[in-house]
Number of protein chains: 2
Amino acid sequence: MKAIALLGGPNISWPIDIKDKLIKAREKGTFIIGVDRGSLLLEELNLTPDLAVGDFDSLKKEELLRINQSVSDIRYSVPEKDLTDTELALHYAFDDYCVDSLSLIGATGGRLDHFLTNLFMLLKPEFRQYAEKVQIIDQQNYISFLNPGKHVVKRIENYTYFGVATLNEVQELNISNAKYNLAGYSNTNPVSLSSNEFLPDQDTFNVSFKKGLIAIIQSRDLERFQNIQK
Amino acid sequence: MKAIALLGGPNISWPIDIKDKLIKAREKGTFIIGVDRGSLLLEELNLTPDLAVGDFDSLKKEELLRINQSVSDIRYSVPEKDLTDTELALHYAFDDYCVDSLSLIGATGGRLDHFLTNLFMLLKPEFRQYAEKVQIIDQQNYISFLNPGKHVVKRIENYTYFGVATLNEVQELNISNAKYNLAGYSNTNPVSLSSNEFLPDQDTFNVSFKKGLIAIIQSRDLERFQNIQK
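Residues numbered from 1 in each chain as written. Chains lettered and ligands numbered in written order. Predicted model: local features only at pLDDT ≥ 70, side-chain atom pairs only at ≥ 80, totals over all residues. Heavy atoms only, no water.

**A word on the overall build of chain A**
And step 1. When helices and strands are tallied, chain A shows five helices and 14 strands.
And step 2. Computed over the C-alpha atoms, the radius of gyration of chain A is 18 Å, within 12% of the 17 Å expected from 2.2 N^0.38 for a compact globule of 230 residues.
And step 3. Oriented by its inertia axes, the alpha-carbon framework of chain A measures out at about 55 × 40 × 35 Å.
And step 4. The buried share of chain A, reckoned over its 230 residues, is 55%. (Helix = DSSP H or I, 4+ residues; strand = E, 2+ residues; numbered from the N terminus. Rg over C-alpha atoms; globule rule 2.2 N^0.38 Å. Buried < 20%, exposed > 50% of the residue type's maximum accessible area, 1.4 Å probe, protein only.)

This is the structure we're talking about:
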């Protein structure tokens, strides 16, 4: 079973046609999770989440009542806790509901301390086992994570570029079958090797490394973002 | 002399009233840099940059001609180079123009491989000396960087929250005079400790650490981002 979680990030960064995509996903049996305010945002899309996780302290009384009346599984988190609401959602999705994959929507845009919390959470030892099953998706980016080993990365349809971001110490990183290849790269510090591209006639590239956690960021330009503010 | 650089990130993420702010900054003697497409975006705001850096390969012929005719100092970068255009701008600003500080606008939003490249660049040994003089600013976030030592962080006006993101191995991190304090925290992996707050009657908090590079992300919610897409 696949899962999608909607977080509280600004909806302007959500993938286009999110409502249609969520409806189609649910029809195919995808498990839908609301993380804190994301639970209300799902309700507002007329999509009651299968699971709601959060402390909900930013919701008004009537908003929380709405969640309480409609959602069958609500897990309340404690403010000032060790795990964030998103980390708790990850834990419940994989450990209680045994989902095969989890896509996070609303994890980007807005407050960057939140985005970085989500980006770095898979570095935590308790979540490393799920790293390759988690994606962070927004309108311009599709982020997946890789643990050490040899990997063939597939192009996401309509994505032009990819970046390889090492999130901690990386050893012996190799990139091949790409526009810019790399051999035996090591770095104790994170780095984001951006603006790489799939070869014109290829829909995969190869990446391998011996130590570290890597984020593969497939991305694209959106012309419509330009010329809005002048 | 202060400096501001405009990068190619989507203008929807730029600080509000950017044109007025740039005009006022220039009147006070601030040095204005265009990084690649950012040079054209400055021209379109009727603000010719003092320095333009980039390979400009995404510009049309007539757009590049416009830059060429108006900007007095243009530094062309070579595609497939080791340093990004933003890193080159940092180098020219601090080493050639001896600026005291550099604020990066247009470094966020859009493609996240680009944002992470900008976030992680100050980890590079050649740029660590400038870390505390660089800020990444957008509509909701004000990111500054700290090298090891004892620091008093001042609240940026109208910002509610702050996160402390360790960008590499951190040792003995302490946070005090804040809503959530921390003592003797060490971690080999990056982590973003988000949603902390200044104390109600305080405009500073204290942070100290012995090893690592830290990003302080002051942030705020923007209600207007909600309810745009339904």
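**Observations regarding the sheet that holds strand 3 (residues 51-54) of chain B**
Residues and elements named next belong to chain B.
And step 1. Strand order in this open sheet of 10 strands is 4-3-2-1-5-6-7-14-9-12, and the pairing throughout is mixed. Strands at the two margins of the open sheet, each flanked by one partner only, are strand 4 (74-76) and strand 12 (191-197). The mean angle between the axes of side-by-side strands here comes to 20 degrees, regardless of whether they run parallel or antiparallel.
And step 2. Pairing analysis gives three bridges linking strand 2 (residues 31-35) to strand 3, with the strands arranged parallel. Looking at the pairing, Ile33 lines up with Leu51 of strand 3.
And step 3. Contacts from helix 2 (residues 37-44) reach strand 1 (2-6), strand 2 and strand 3, with the element oriented near 125 degrees to strand 2. (Pairing = 2+ DSSP bridges. Axes fitted to C-alpha atoms, helices over the stretch in contact; angles between N-to-C directions. Contact = heavy atoms within 4.5 Å.)

**Structural notes on the interface of chain B and chain A**
Accessible area lost when the parts come together is the quantity often used to give the size of an interface.
And step 1. Counting residues at the interface gives 54 residues for chain B and 54 residues for chain A.
And step 2. Summed over both sides, the interface between chain B and chain A buries roughly 4,200 Å², with carbon and sulfur atoms accounting for 58% of that surface.
And step 3. In this assembly, chain B and chain A are joined by two salt bridges.
And step 4. Between B:Arg111 and A:Asp221 there is a salt bridge; the shortest N-O distance is 3.8 Å.
And step 5. Seen at the junction of chain B and chain A, the total is 20 residue pairs in polar contact (both at pLDDT 80 or more).
And step 6. Contributing elements (two or more residues each) for the side of chain B that touches chain A: helix 2, helix 5 (112-120), strand 7 (141-146), strand 9 (161-166), strand 12 and strand 14 (214-219) of chain B. (Buried area = accessible area lost by both parts, 1.4 Å probe. Salt bridge = Lys/Arg side-chain N within 4 Å of Asp/Glu carboxyl O. Polar contact = N/O pair within 3.5 Å; in protein donor to acceptor, adjacent residues only side chain to side chain.)

**Examining the sheet that holds strand 11 (residues 182-187) of chain A**
All names here are of chain A.
And step 1. The antiparallel open sheet is built from four strands, whose spatial order is 8-13-10-11. Of all the strands in the sheet, just strand 8 (149-154) and strand 11 have a single pairing partner and so form its edges. Adjacent strand axes in the sheet meet at a mean angle of 20 degrees when their direction is disregarded.
And step 2. Pairing of strand 10 (residues 170-176) with strand 13 (residues 204-209), which is carried by three bridges, proceeds in the antiparallel orientation. Across the sheet, residue Ile175 finds its bridge partner in strand 13, namely Val207.

**As for the relation of the copies chain B and chain A**
And step 1. Screw-axis analysis of chain B against chain A gives a translation of 0.0 Å along the axis, an RMSD of 0.0 Å, and a rotation angle of 180 degrees. On the angle and the small slide along the axis, the relation comes out as a two-fold axis.
And step 2. Interface overlap between copies: 100% of the residues of chain B at the interface are likewise at the interface in chain A, consistent with a symmetric, same-surface contact. (Least-squares fit on C-alpha atoms with pLDDT ≥ 70 in both.)

**What to know about the pairing of strand 2 (residues 31-35) of chain A**
Residues and elements named next belong to chain A.
And step 1. The buried fraction of strand 2 is high, at five of five residues.
And step 2. The sheet contact formed by strand 1 (residues 2-6) and strand 2 spans four bridges and is parallel. Bridge assignment links Leu6 to a residue of strand 2, and that residue is Gly34.
And step 3. Read from strand 1 through helix 1 (residues 18-27) to strand 2, the crossover connection turns out right-handed.
And step 4. Note on the crossover from strand 2 through helix 2 (residues 37-44) to strand 3 (residues 51-54): the handedness is right-handed. (Right-handed = clockwise from strand over helix to strand, strands pointing away.)

**What about the packing of aromatic side chains?**
And step 1. The final tally for this structure, using the stated rule, is 13 aromatic pairs over all chains.
And step 2. Seen in terms of ring centroids, A:Phe31 and A:Tyr97 are 4.3 Å apart; in terms of plane orientation they differ by 35 degrees. Their pairing is tilted. You can see A:Phe31 sitting in strand 2 and its partner A:Tyr97 sitting in the loop between helix 4 (85-96) and strand 5 (101-105), a full 66 residues away along the chain.
And step 3. We classify A:Phe31 as buried; its relative accessible area is 7%.
And step 4. With a centroid separation of 3.8 Å and an interplanar angle of 5 degrees, the aromatic rings of A:Phe162 and A:Phe205 are classed as stacked. Separated by 43 residues along the polypeptide, A:Phe162 in strand 9 (residues 161-166) and A:Phe205 in strand 13 bring together distant segments of the chain. Take A:Phe162 and A:Phe205: they sit in the same class, and that class is buried.
And step 5. An aromatic cluster is present here, built from A:Phe162, A:Phe198 and A:Phe205 joined pairwise through their rings.
And step 6. We note B:Arg111 situated over the ring of A:Tyr161; from NZ or CZ to the ring centre the distance is 3.7 Å.
And step 7. B:Arg220 extends its terminal NZ or CZ atom over the ring of B:Tyr159, reaching a point 4.3 Å from the ring centre. (Phe/Tyr/Trp six-rings, centres within 6.5 Å; stacked < 30°, edge-to-face > 60°. Lys NZ or Arg CZ within 6 Å of the ring centre and 35° of its normal.)

**Here we look at the confidence of the model for chain A**
And step 1. Confidence along chain A averages 94 in pLDDT terms, with 96% of residues attaining 70 or more.
And step 2. For residues 225-230 of chain A, every residue scores under 50 in pLDDT, and the model assigns this stretch 22 contacts once sequence neighbours within four places are set aside. (pLDDT = per-residue confidence, 0-100.)

**Considerations on the domain arrangement of chain A**
All names here are of chain A.
And step 1. Here the domain parsing of chain A yields domain 1 (2-139) and domain 2 (145-225).
And step 2. Look at where the C-alpha atoms of domain 1 and domain 2 centre, and you get two points 26 Å apart.
And step 3. Residue-level contacts link 12 residues of domain 1 with 14 residues of domain 2.
And step 4. Ranking the residues of domain 1 by area buried against domain 2 places Arg128, Glu132 and Gln139 at the top, with a combined share of 47%.
And step 5. Where domain 1 meets domain 2, there are zero salt bridges. (Domains from an automatic or database assignment.)

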